[in-house]
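# Close look at the chain arrangement
Residues per chain are reported as follows:
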Amino acid sequence: MTGKLGRTARGGAQTSVGDLLDLVRSGRAVTRGALQQMTGLSRATVGQRLDRLFRAGWLREGAGGPVDSPLGGRPAITLEFDGSHAVVLAADLDTRHARAALLTLTGEILAERSGPLVVEDGPETVLDGLGRWFAELLTETGHAPEAVCGIGLGVPGPVDSETGRVVQPPMMSGWDGYDIRGRLSRAFTEHTGAGPVPVLVDNDANLMAYGEHRTGYQDCRAFVLVKVSTGIGAGVVVDGAVYRGVDGGAGDLGHIRVGSEALCRCGSYGCLAAVASGGAVARRLTEAGVPAASGSDVRALLAAGHPEAAALAREAGRRVGDVLATVVTLLNPGVLMIAGDLAGTPFLTGVRELLYQRALPRSTAHLDVLTAKLGERAGLIGAGALVVEHLYAPERVEERLTALGV
């Protein structure tokens, strides 16, 4: 019988120490007895493998749980993943602005900062800036650089997950094919003096979707988040995993053609982003005599209740809703979440108007259409979670424990 352990689910001589950690982290087995039952391993073998996790500082004992035996006896000691043995650094790049944070392994943000970082200044400048921010966050919280186990980064472009390099990004001039992982790892070392750490890179909308899904919607089997800021992109989570397509290009809604003659930043005409993104709304406001340089300016105008900004945001929502009707019909998600600069009542109203008008009733019967819950922190939380899931995946645990000498 094979199961989610990825090896032999019972009779588990091949069940690894990483599988045991995965069972504890997921909550599927949190006592020694439950681990024996789930894996078929002997008490001695379970004890030996757990001992390595304790010596690494990855596990700790919690409070007594339910009694394992129906005959009674002492409460079983529960096992917990110890999220205090390391920390994660995360950053989320927009086209003109960035956020960075230091997080625990369980996703709690310990410190963060934000400020202007312009992607068009190029990867050398931007990634060096992030390395400096990371050093400042560590100093602020009193954490040693050696406590960092990995770095996660979200970028506003399609990413090949195998290489961590962006692929023909419409809004990241000079970044195509650049070794982001290597440069950000070096920037971390240059500004902290610590050794190199693993760096994971993904599309910003993917990480926002991952963060929102893991935080509040883990029971939703198909989850879609649409980020509408300078551009438009979507993150899709299916059965708990980000869907990226064959080379990272899934979710690039902003470059679907919608019949307009507007010139897009990608060089094509008629893209959805050219008529319905935060940047597009900013241009239309400026043409109408209301200065707005970017989606963030539109956000400020919407927050102030500016009527023309609200009207244009609602119109943009209708444009996006028209495209999302196809997305919803194709994917049949349980949650459609709107995030980014335009995420608010006017835009959401526009989306709903066209979505429910154009999509099949069956596709929307069990659909929740709402705005993001985590706000600007979603990408940071998603990036942190991506790093943790990568580093503590069963197939990597043995290698990392061996490197630690346990």
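Just above, that's the structure.
What comes next concerns the included structure. Since the structure is predicted, the reported quantities are computational estimates derived from the model, not experimental observations.

What counts and what doesn't
Residue indices begin from 1 for each chain and proceed along its sequence in written order. The model is predicted, so local features are restricted to residues of pLDDT at least 70 and side-chain atom pairs to those at 80 or more, both for listing and for counting; the totals for chains, interfaces and linings are taken over all residues. The side-chain quantities take in all heavy atoms of the structure and omit both hydrogens and water. Each helix is a run of H or I in the DSSP string that is no shorter than four residues. Each strand is a run of E no shorter than two, and both are numbered from the N terminus. Each radius of gyration is computed over the set of C-alpha atoms, and the globule rule expresses the reference value as 2.2 Å times the number of residues to the power 0.38. Burial status follows relative accessibility: with a 1.4 Å probe on protein chains alone, a residue under 20% of its type maximum counts as buried, one over 50% as exposed, and anything between as partly exposed. Here, residues are in contact when the closest pair of their heavy atoms is within 4.5 Å. All accessibility values rest on the Shrake-Rupley procedure with a 1.4 Å probe; residue burial counts only the protein chains present in the view. A pair of Phe, Tyr and Trp rings is counted when the ring centres sit within 6.5 Å of each other, with Trp represented by its six-membered ring. The angle between the planes then sorts it: under 30 degrees is stacked, over 60 is edge-to-face, the rest tilted. A ring has a charge above it when a Lys NZ or an Arg CZ is no more than 6 Å from the ring centre and no more than 35 degrees off the ring normal. Take a side-chain nitrogen of Lys or Arg and a carboxyl oxygen of Asp or Glu: if they are within 4 Å of each other, that pair is a salt bridge. The axes used here are C-alpha line fits, helices contributing only the stretch in contact, and every angle between their N-to-C directions lies in the interval 0 to 180 degrees. Reported orientations rely on four angle classes, namely roughly parallel under 35 degrees, roughly antiparallel over 145, roughly perpendicular from 65 to 115, and oblique for the rest. The classification used treats Ala, Val, Leu, Ile, Met, Phe, Trp, Tyr, Cys and Pro as nonpolar, Asp, Glu, Lys and Arg as charged, and all other residues, Gly among them, as polar. How far a helix is expected to stretch is found by multiplying one less than its residue total by 1.5 Å. Each crossing gets its hand from how the near helix is turned against the far one by less than a right angle, where anticlockwise is left-handed and clockwise is right-handed. Pairs of strands are assigned from DSSP output, requiring at least two bridges between the strands. To define a nonpolar core, start from buried Ala, Val, Leu, Ile, Met, Phe, Trp, Tyr and Cys residues and group those joined through side-chain atoms within 4.5 Å.

### Focus: the overall build of the protein chain
Counting secondary structure elements, the protein chain contains 14 helices and 14 strands. By the compact-globule yardstick of 22 Å for 406 residues, the protein chain fits well, its C-alpha radius of gyration being 23 Å. Along the three orthogonal principal directions, the C-alpha set of the protein chain runs to about 75 × 55 × 35 Å. Counting over 406 residues, the protein chain shows a buried share of 51%. Across the protein chain, every contact between residues at least 6 apart in sequence was considered, and the portion connecting residues at least 24 apart equals 60%. About 18,000 Å² of surface is accessible on the protein chain, with carbon and sulfur atoms providing 50% of the total.

### What about unusual backbone geometry?
At Gln168, a residue that is not glycine, the phi angle is positive and equals roughly 45°. Mapped onto the elements of the fold, Gln168 is located in the loop between strand E8 (165-166) and helix H5 (180-192). In this structure Gln168 comes out as exposed when scored by relative accessible area, which is 64%. Positive phi, normally seen in glycine, also occurs at Asn332, with a value near 50°. You can call Asn332 partly exposed: its relative accessible area is 38%.

### Re the packing of aromatic side chains
Applying the stated criterion to the full structure yields three aromatic pairs. An angle of 40° between the planes, with centres 5.6 Å apart, marks the rings of Tyr217 and Phe223 as tilted. Each member of the pair, Tyr217 as well as Phe223, carries the same accessibility label: buried. Sitting above the plane of the Phe81 ring, Arg25 keeps its charged end 5.1 Å from the centroid. Directly above the ring of Tyr392 sits Arg400, whose terminal nitrogen or CZ lies 4.6 Å from the centroid.

### Looking at the side chain of Thr39
Of note, Thr39 is situated in helix H2 (residues 32-39). Among the residues examined, Thr39 registers a relative accessible area of 0% and is labelled buried.

### A closer look at the pattern of salt bridges
As enumerated under the stated definition, the model contains 28 salt bridges in all. Between Asp128 and Arg132 there is a salt bridge whose closest N-O contact spans 3.8 Å. Of this pair, Asp128 and Arg132 are both found in helix H4 (residues 123-141), four residues apart, which corresponds to roughly one turn of the helix. Classification of Arg132 by relative accessible area gives partly exposed; the value is 37%.

### Focus on the packing of helix H8 (residues 278-287) against helix H9 (residues 295-303)
The contact between H8 and H9 brings their axes to 7 Å, and the two run at 70°. Classified by the angle between their axes, H8 and H9 sit roughly perpendicular to one another. Contacts between H8 and H9 pair Gly278, Gly279, Val281, Ala282 and Leu285 from the former with Gly295, Val298 and Leu301 from the latter. Residues belonging to the contact of H8 with H9 are distributed by class as follows: five nonpolar, three polar and no charged.

### Re helix H13 (residues 378-391)
Side chains of residues three or four places apart in an α-helix project in the same direction, reflecting 3.6 residues per turn. End to end, H13 covers 20 Å across 14 residues, agreeing with the expected 20 Å (1.5 Å per residue, within 8%). Among the residues of H13, Ala378, Gly379, Leu380, Ile381, Gly382, Ala383, Gly384, Ala385, Leu386, Val387, Val388 and Leu391 are the ones counted as buried.

### What to know about the packing of H8 against helix H10 (residues 307-331)
It is at 10 Å that the axes of H8 and H10 come closest, and there the two elements cross at 140°. Classified by the interaxial angle, the pair formed by H8 and H10 is oblique. H8 and H10 meet at a crossing whose hand is right-handed. Every residue of H10 that contacts H8 at Val281, Arg284 and Leu285 is listed here: Glu308, Ala309, Leu312, Glu315 and Ala316. In terms of residue class, the contact of H8 with H10 is built from five nonpolar, no polar and three charged.

### Observations concerning the sheet that holds strand E11 (residues 232-238)
Taking strand neighbours across the sheet as the criterion, the five strands line up as E12-E11-E10-E13-E14 in an open arrangement whose pairing is mixed. Looking at the sheet topology across the chains shown, the edges are occupied by strand E12 (241-242) and strand E14 (368-371). Where strand E10 (residues 222-228) meets E11, seven bridges bridge the pair, whose relative direction is antiparallel. Bridging from a neighbouring strand, Phe223 pairs with Val237 of E11.

### What about the environment of Glu136?
Looking at the secondary structure, you find Glu136 in helix H4. A relative accessible area of 36% places Glu136 in the partly exposed class. Linking Glu136 and Gly164, residues 28 residues apart in sequence, is a C-alpha distance of 25 Å.

### Observations concerning the sheet that holds strand E6 (residues 148-155)
By definition, the strands of a sheet pair up through backbone hydrogen bonds, in either a parallel or an antiparallel sense. Ordered by their spatial adjacency, five strands build an open sheet running E5-E4-E3-E6-E9, and the pairing between neighbours is mixed. Looking at strand neighbours, the two that pair on one side only are strand E5 (109-116) and strand E9 (199-203), the edges of this open sheet. On average, each strand axis in the sheet is tilted by 15° relative to the strand beside it, whichever way the strands run. Bridge count between strand E4 (residues 97-104) and E5: seven bridges; the pairing is antiparallel. Along E5, the bridge assignment pairs Ala101 with Glu112. The sheet contacts of helix H6 (residues 204-216) involve strand E3 (87-93), E6 and E9, and relative to E9 the element is tilted by about 100°.

### Some remarks on the nonpolar core
Formed by 52 residues in total, the largest nonpolar core has its most connected members in Leu35, Leu53, Phe223 and Tyr392. The element that contributes the greatest number of residues to this core is H13, accounting for nine residues. Beyond its immediate sequence surroundings of up to four residues, Leu35 is in contact with Leu20, Leu23, Val24, Ala29, Gly40, Val46, Leu50 and Leu79. Core analysis: the next-biggest nonpolar cluster, separate from the first, contains 36 residues, Leu301, Leu336, Phe347 and Ala359 among them.

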